[in-house]
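Letter by letter, the chains look like this.
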Amino acid sequence: MRPRTVHLALGSNEGDRRASLERAVQRLSAVPGVEVLRVSSFRESAFVGAGPAQGAYLNGVAELRTTLPLPALLAVCKAIEAEAGRRLPAPKNHPRPLDLDIVLAEGETFDGVDLVVPHPRWHLRPFVVEPLRELGVDVEGAPRTERPLLVDTPGAIAALASAWTANGCVVGLVPTMGSLHEGHASLMRIARSECDRVIATIFVNPLQFGPREDFAAYPRDLGGDMRLCAAAGVDAVFAPPVAAMYDERFCSRVAVGAAAEGMEGAVRPEHFSGVATVVARLFAITRPHRAYFGEKDAQQLAVIRRMTHDLGFPIRVVPCPIVREPDGLAMSSRNVYLGADDRRASTILFRALSSAQHAFARGERDRDGLLARARAVLASEPRALLDYLELRREGDLEPLPPGPIAGGRMLVAARFERGVRPVRLLDNMALVEES
Ligand code: PAF
């Protein structure tokens, strides 16, 4: 590999800190293919961050010239850390005799499981910025790793996702239509905890709206969405214009069968075909390992599971629990359109489902009895105009066989029409024995 300049951050807050840093520099100089050009002065900084109370760090930066590929240089750093007595894998935010981080590499980036160059937070750390400045690095002009990256073409997000996969990352996808709220943030946090890289997509998909539905008026707020994605630890946001997803000759559709019949499928005939088409397209573009969907849209989840299986996408569909407001209303982007009175009335869905769940937990096993109980609660709220109330098999939402039930999922949809604009709300709940 051609020689290029690499900056390495050095830190220690355990044992003889100065001796550890100096020994690390000597060790680096002895590695074939590595020449230490210069080392900044060392400076002290207090430990910041979560973790056990611990002493101050001694930090500096070494400037190297190296022919080693960045993963090989990382392996060298890990070996020198281990030799200095650092326990590896290192517990997060614990004191350490030696910490070596690759911060910048001239003209080069790397984005893998254990290594991201430029280091994603180098510019936020004065104990890295100041030594770099001392070494004459133009810190204002130096490259940064932006997170989340905002990408708007299928080609660019496909290239990013496939580079992550090639570097050994597990990639998680969180498809959304934007106007993000805490419910979406919870999907992203679950994805963050299970994957090395998380892509959120923000695309208001025209194919899943009927002619009289609210496609044009669907709430959009890319700035707010980017802030939420950043706080939830998303690595890339894919927010394409409609023409990038569906060019003028686009004419293919995923047809979905039984899973899309009844309930939402009866009220919104083309909806699930539109959902399945866009999700299949997002899967094909990003090729994630895992994809995260909320249980609030339970029938959508069943349709997507079926489609993923039927079309053979090698993707794990991960269901994520419903996130509720403190009074029980399931979070939804459309809740903003409820007027104050409809907003108060909207908790009736949660109360109706909860009454069935309580009855089930107390031993009621008759399907009609459970439905009647929930229907009676719904009937007590005249603002809620019921579209359907169903009790289905958990998971695939197939109709339950006759006879006493052993469990299931109750699903409800109702319209509230007296607010800022008419809103349809969906909710559902698993009927389970209480533990
Ligand atoms: O649930 C949604 O927000 C959408 O239906 C989805 C899955 C992103 C497809 O457009």
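Everything here concerns the structure above.
Residues numbered from 1 in each chain as written. Predicted model: local features only at pLDDT ≥ 70, side-chain atom pairs only at ≥ 80, totals over all residues. Heavy atoms only, no water.

Some thoughts on the overall build of the chain
For step 1, the next point in the chain: The number of helices and strands found in the chain is 13 helices and 16 strands.
For step 2, the next point in the chain: When the backbone C-alpha atoms are referred to their principal axes, the chain occupies close to 80 × 55 × 40 Å.
For step 3, the next point in the chain: Within the chain, the proportion of its 435 residues that are buried is 51%.
For step 4, the next point in the chain: For the chain, restricting intrachain contacts to residue pairs at least 6 apart in sequence, the fraction spanning at least 24 positions comes to 72%. (Helix = DSSP H or I, 4+ residues; strand = E, 2+ residues; numbered from the N terminus. Buried < 20%, exposed > 50% of the residue type's maximum accessible area, 1.4 Å probe, protein only. Contact = heavy atoms within 4.5 Å.)

Some points on the pairing of strand 10 (residues 197-202)
As a general feature of sheets, a regular strand has side chains that alternate between the two faces.
For step 1, the next point in the chain: In terms of burial, strand 10 is a largely internal element, 6 of the 6 residues being buried.
For step 2, the next point in the chain: Along strand 10, one buried face is formed by Arg197, Ile199 and Thr201 and the opposite face, lined by Val198, Ala200 and Ile202, is buried too.
For step 3, the next point in the chain: As paired elements, strand 9 (residues 171-176) and strand 10 share 6 bridges and run parallel to each other. Residue pairing in the sheet places Val174 in a bridge with Ala200 of strand 10.
For step 4, the next point in the chain: For the crossover from strand 9 across helix 5 (residues 182-194) to strand 10, the handedness is right-handed. (Pairing = 2+ DSSP bridges. Right-handed = clockwise from strand over helix to strand, strands pointing away.)

Describing the nonpolar core
For step 1, the next point in the chain: Membership of the largest hydrophobic core comes to 34 residues, with the highest contact counts inside it found for Ile157, Ile199, Phe238, Met245, Val279, Phe283 and Phe293.
For step 2, the next point in the chain: Looking at this core, the elements with two or more residues in it are helix 4 (154-166), strand 9, strand 11 (236-238), helix 9 (271-286), strand 12 (290-294) and helix 10 (298-311).
For step 3, the next point in the chain: With 9 residues, the top contributor of residues to this core is helix 9.
For step 4, the next point in the chain: Apart from the residues lying within four places of it in its own chain, the contact partners of Ile157 are Val151, Ile199, Ala236, Phe238, Ile285 and Thr286.
For step 5, the next point in the chain: Ranked by size, the runner-up nonpolar core spans 28 residues in total, among them Ile348, Leu353, Leu378 and Ile405. (Core = buried A, V, L, I, M, F, W, Y, C linked by side-chain atoms within 4.5 Å.)

A word on the pattern of salt bridges
For step 1, the next point in the chain: Taken as a whole and assessed by the stated rule, the structure comprises 36 salt bridges.
For step 2, the next point in the chain: The shortest N-O distance in the salt bridge between Glu83 and Arg27 comes to 2.5 Å. With Glu83 in helix 2 (residues 70-83) and Arg27 in helix 1 (residues 17-29), the pair connects residues that are 56 residues apart, well separated along the chain.
For step 3, the next point in the chain: In this structure, Glu194 and Arg290 form a salt bridge, with 3.0 Å as the shortest nitrogen-oxygen distance. Taken together, the residues span a long stretch of sequence, with Glu194 in helix 5 and Arg290 in strand 12 at a distance of 96 residues.
For step 4, the next point in the chain: Where salt bridges share partners, they join Lys78, Glu81, Arg86, Arg96 and Asp99 into one cluster. (Salt bridge = Lys/Arg side-chain N within 4 Å of Asp/Glu carboxyl O.)

Topic: the environment of Ala255
For step 1, the next point in the chain: For Ala255, the location among the structural elements is in the loop between helix 7 (242-245) and helix 8 (264-267).
For step 2, the next point in the chain: Judged by its relative accessible area of 72%, Ala255 falls in the exposed class.
For step 3, the next point in the chain: C-alpha separation for the pair Ala255 and His119, spaced 136 residues apart in sequence, amounts to 45 Å.

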